[in-house]
Amino acid sequence: MTDPYSHFKREYEHDGFERHSARRERNSRAPRVFAAGDLKLLSLALIAEQPCHGYDLIRRIENMFDGAYSPSPGVIYPTLSFLEMSAMVTCGVDDGKKCYSVTDAGRLLLEDQAQALDEVRTRIEISKRTLRGHDRPPEIQEAVYNLRHALQKHPGHWSPEEIRRVRDLLNDTAKAIIDGPDRPPVSESSQ
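Residues numbered from 1 in each chain as written. Predicted model: local features only at pLDDT ≥ 70, side-chain atom pairs only at ≥ 80, totals over all residues. Heavy atoms only, no water.

**Examining helix α2 (residues 38-49)**
With 12 residues, α2 ought to run about 16 Å at 1.5 Å a step, and its terminal C-alpha atoms sit 17 Å apart, in line with that. Of all 12 residues making up α2, 10 are buried, and the element is well covered by its neighbours. (Helix = DSSP H or I, 4+ residues; strand = E, 2+ residues; numbered from the N terminus. Expected span 1.5 Å × (residues − 1). Buried < 20%, exposed > 50% of the residue type's maximum accessible area, 1.4 Å probe, protein only.)

**Quick look at the pattern of salt bridges**
Within the structure shown, the criterion is met by 10 salt bridges. Among the salt bridges present, the one from arginine 59 reaches glutamate 62, with a minimum N-O distance of 2.3 Å. With a gap of three residues between them, arginine 59 and glutamate 62 both fall in helix α3 (residues 54-64), about one helical turn apart. If you follow the salt bridges from partner to partner, you end up with Glu49, Arg60 and Arg121 in one network. (Salt bridge = Lys/Arg side-chain N within 4 Å of Asp/Glu carboxyl O.)

**Quick look at the nonpolar core**
With 31 residues, the main nonpolar core has Phe34, Leu42, Leu44, Ile47, Leu57, Ile61 and Phe65 as its most contacted residues. Secondary-structure elements contributing two or more residues to this core are α2, α3, α4 (73-85), β2 (97-102), α5 (104-112) and α6 (114-132). If one sorts the elements of this core by residue count, α2 sits on top with seven residues. Dropping the residues within four chain positions of it, isoleucine 61 is found in contact with Phe34, Leu39, Leu42, Ser43, Leu46, Tyr69, Pro71 and Ile76. (Core = buried A, V, L, I, M, F, W, Y, C linked by side-chain atoms within 4.5 Å. Contact = heavy atoms within 4.5 Å.)

So, in structure tokens, the structure goes:
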């Protein structure tokens, strides 16, 4: 017996639905809100909660971001078409507008991808702060820029020792930030 949503899962995996890291494209000014596949999964989940029109879906996503982000119709309608072609949603007509409802295959996929959906919702909460500009003070933004610049200026001769040195510096710094001001940063001399 063939999996009723195997085409969708193949496309989902091919489209990066199973990758959970949102990346910024080089030289882009605004942060990328969704990783590949996130919008499809989120749209499917929102339609499962309540059938809706494309415009309603746009508004619901915008509300999730407290108005700081709104997906364009040029992104939402192809997403809805993909979900419909993949048999994850069906489309009917309500007051002359297309209205989308989740299918049984769509519900099965949501059950299968529950953890990925939780991660999407977590990234939305983080993105809200970033999009609203409340994420970091200017001094921290400058320091992050300096770090990126330093990595770009690295001569590119990555010996195993240099890889470990830079990796350890970055990991120690990340840990010190997470641990907060109550713990002193870890240094090589204290190890």
